[in-house]
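Spelled out from the first residue to the last, the chains are:
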Amino acid sequence: MSAETPEETMGKMLGKALYVVTTSPARGPGLREVLPAHLEYQVKLEREGKLFGAGPLFDEGGEAPVAGMIVLRAGSYDEARALADQDPFHAKGLRSYTIQKWKMNEGAMTLTIRYSDQSVIVAD
């Protein structure tokens, strides 16, 4: 039995294209006041199925966030940019951002659904 080539192995992987929006600054004038609208927008994207994940980024050993990361389900850079532009932090000019396409190949998610109390647990 012969070993697979890297191309054969990669051909079986998920290959899901997502868009990573990295935002900055993490702190600054006006951000605190707009934070509720930003969080509301993130939850809206989540409920629409457009938000894969989001949260602050920290430097090693740091306790204060230095940037933010938003991973979007979008069909193109243009679609991801349109979603990012509507974020209240970006729309009000309080944060700038970059977008990178990310091809998710490997990884796993552990999820427990308990029917008895209708709870869901996402494992670390």
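In this text, all values refer to a predicted model and were calculated from it rather than measured experimentally.

So, how was this worked out
- Residues numbered from 1 in each chain as written.
- Predicted model: local features only at pLDDT ≥ 70, side-chain atom pairs only at ≥ 80, totals over all residues.
- Heavy atoms only, no water.
- 1 Å grid on protein atoms, 1.4 Å probe; cavity = no way out; pocket = protein on both sides within 12 Å on 5 of 7 lines; lining within 4 Å.
- Points joined across faces, edges and corners; volume = space filled by probe spheres on them.
- Helix = DSSP H or I, 4+ residues; strand = E, 2+ residues; numbered from the N terminus.
- Nonpolar A, V, L, I, M, F, W, Y, C, P; charged D, E, K, R; others polar.
- Contact = heavy atoms within 4.5 Å.
- Buried < 20%, exposed > 50% of the residue type's maximum accessible area, 1.4 Å probe, protein only.
- Arc of directions from axis to C-beta.

Caption draft 1: Inspection of empty space enclosed by the protein at higher detail. All chains considered together, the criterion is met by one cavity of 30 Å³ or more. Counting residues per element, the ones that place at least two in the lining of the largest cavity are helix H2 (31-47), strand E3 (67-72) and helix H3 (77-86). A class-by-class count of the residues in the lining of the largest cavity yields seven nonpolar, one polar and one charged.

Caption draft 2: Highlighting the environment of Gln-100. With respect to the helices, strands and loops of the structure, Gln-100 is situated in strand E4 (residues 96-104). A sequence separation of ten residues divides Gln-100 from Thr-110, and the C-alpha atoms of the two residues are 26 Å apart. Excluding its chain neighbours within four sequence positions, the residues that come into contact with Gln-100 are Leu-18, Tyr-19, Val-20 and Tyr-77.

Caption draft 3: Spatial organisation of the environment of Gly-62. Relative to the elements of secondary structure, Gly-62 occurs in the loop between strand E2 (51-57) and E3. Residue class for Gly-62 comes out partly exposed when judged on its relative accessible area of 31%. Between the alpha carbons of Gly-62 and Ala-17 there is a distance of 30 Å; along the sequence they are 45 residues apart.

Caption draft 4: Summary view of H3. Regarding H3, the residues found buried are Ala-80, Leu-83 and Ala-84. Buried residues of H3, viewed axially, fall in a sector of 100 degrees; they line one side. Where the residues of H3 are buried, they touch strand E1 (16-24), H2, E3, helix H4 (88-91) and E4.

Caption draft 5: Looking closely at the layout of surface pockets. Taken as a whole, the largest pocket spans an internal volume of roughly 380 Å³. Around the largest pocket, the lining comprises 21 residues; the ones closest to its centre are Ala-26, Leu-35, His-38, Phe-89 and Arg-95. When contributions to the lining of the largest pocket are tallied by element, the ones reaching two or more residues are H2, E2 and E3. It is H2 that provides the largest number of residues to the lining of the largest pocket, a total of six residues. Here the second largest pocket is characterised by a volume of approximately 180 Å³. Lining of the second largest pocket is provided by Glu-46, Leu-51, Phe-52, Gly-53, Ala-54, Arg-73 and Met-109. With four residues, E2 is the largest single contributor of residues to the lining of the second largest pocket. Here the residues of the lining of the second largest pocket sort into four nonpolar, one polar and two charged.

Bear in mind that shape data such as this cannot, by itself, settle questions of function.
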